[in-house]
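Given next are the chains, with one letter for each unit.
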Amino acid sequence: MNVLIVEDEELTAQRLVKLLHDYDPAVRVLAQLPSVAKSVDWFENHAEAEPDLIFLDIHLEDDLGFNLIDRLNLTTPIIFTTAYDEYTLQAFKANSIDYLLKPIDADELARAIDKFKTLRHSRLELSVNSDVLAQMKANYRPNTYRDRFMVTVGPRLFSVQTGDIAYFFFENKATFLTTQQGQNYVIDYSLDKLGQLLDPNQFFRINRSFLVALPAIQSVYTYSGSKLKLELLPEARQEVFVSIDRVTAFKEWLGR
């Protein structure tokens, strides 16, 4: 089975590749693409490529995944992936389409591929028709903020409520979630993506490495050069400063 992955989260794409190979080592991943533009370019330069199945993220770095279907008139079967679970997803099941919620679960992935194989074996129509695509676009509600995040510790998978999160930080090429109790968990999202998923009234990206929740800010200190230093609870592993170019916006955010 030849698979194409269109996903702007590198860790999510890597995890999906691993899960696919765990499911079937013979699965061949043709490419991992982060955007609509790069996907269009890939198809234009790989006319001979024939993916059997596409895993398509709904919200890509430059556009909605739906629009990739429109631009290329794709007839390849698609399994959508999404980080949003609060809006209506029934249309994604229509016309033999499936979807997976992030972080992708191995059992859910296996069921989706098994369904694809069964339908393909039955020679049923698997492509997205224009009516179904229009319905999916109408049902899409990207402004619903996440109320929980899934984390893994060894073989254990569990959820952390967003209200229990103190801050997120990036360190050693990984993104960490820190709870109010001081527990740290690696999560499969970049800080840029988290900025799309979280309520901006409750979370603020203070610099390239930290995205903090309002209740976690215990004190704000003025430093030379108009810099601001934050005291967080629980205490961070390093000193935490607000980037100079974000100081004005940060002050406005605190005063809301």
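Look a little higher up for the structure.
Residues numbered from 1 in each chain as written. Predicted model: local features only at pLDDT ≥ 70, side-chain atom pairs only at ≥ 80, totals over all residues. Heavy atoms only, no water.

## Some points on the sheet that holds strand β13 (residues 217-222)
This is how the line gets drawn: Following DSSP output, two strands are said to pair if at least two bridges run between them. Runs of H or I in DSSP of at least four residues are treated as helices and runs of E of at least two as strands, each being numbered from the N terminus. Angular values range over 0 to 180 degrees, each being the angle between N-to-C directions of two axes fitted as lines to C-alpha atoms, with helices fitted over their stretch in contact.
Spatially, β13-β14-β15 is the arrangement adopted by the 3 strands of the open sheet, whose pairing is antiparallel. Each of the sheet's edge strands pairs with one partner strand only, and the pair in question is β13 and β15 (240-242). Going across the sheet, the axis of each strand differs from the next one's by a mean of 35 degrees, ignoring polarity. In the sheet, β13 pairs with strand β14 (residues 228-232) via 5 bridges, with the strands oriented antiparallel. Looking at β14, one finds that Val-220 is bridged to Leu-230.

## Quick word on the sheet that holds strand β12 (residues 210-213)
Going by this rule: Contacts were defined at the residue level, with two residues in contact if any of their heavy atoms lie within 4.5 Å.
Spatial ordering of the open sheet is given by β10-β9-β8-β12-β11, a layout of 5 strands whose pairing is antiparallel. The two strands at the open ends of the sheet, each matched to only one other strand, are β10 (184-187) and β11 (203-205). Neighbour-to-neighbour, the strand axes of the sheet open up by a mean angle of 20 degrees, direction not taken into account. Bridge count for strand β8 (residues 165-171) against β12 is 3 bridges, and the pairing is antiparallel. Opposite Tyr-167, over in β12, you have Val-212 as the bridge partner. Docked against the sheet, helix α7 (residues 247-254) engages β11 and β12, running at close to 170 degrees with respect to β11.

## Things to note about a nonpolar patch on the surface
Note the threshold: Two distance rules govern patches: like charges are joined within 9 Å, and nonpolar side chains (Val, Leu, Ile, Met, Phe, Trp, Tyr) within 5 Å, applied only to residues with over 30% relative accessible area and no salt bridge. The protein chains shown are the only cover counted for residues, whose accessible areas, like all others here, come from Shrake-Rupley with a 1.4 Å probe. In the sections that follow, a salt bridge refers to a side-chain nitrogen of Lys or Arg positioned within 4 Å of a carboxyl oxygen of Asp or Glu.
Nonpolar side chains collect at one region of the surface, where Leu-214, Val-220 and Leu-254 lie side by side and expose about 210 Å² of accessible area between them. With respect to the helices and strands, the residue Leu-214 is situated in the loop between β12 and β13.

## Examining the packing of helix α1 (residues 10-23) against helix α4 (residues 106-121)
Counted only if it meets this: Put simply, a crossing is left-handed when the front helix is turned counterclockwise from the back one by less than a right angle, and right-handed when it is turned clockwise. Gly is put with the polar residues, along with every residue not named as nonpolar or charged; the nonpolar set is Ala, Val, Leu, Ile, Met, Phe, Trp, Tyr, Cys and Pro, and the charged set is Asp, Glu, Lys and Arg.
At a closest axis distance of 10 Å, the pairing of α1 and α4 adopts a crossing angle of 65 degrees. Between α1 and α4 lies a crossing whose hand is right-handed. Of the residues in α4, those touching α1 at Leu-16, Leu-19, Leu-20 and Tyr-23 are Ala-106, Leu-109, Ala-110, Ile-113, Asp-114 and Lys-117. Of the residues contributing to the contact of α1 with α4, the split by class is 8 nonpolar, no polar and 2 charged.

Honestly, it's all geometry; don't read function into it.
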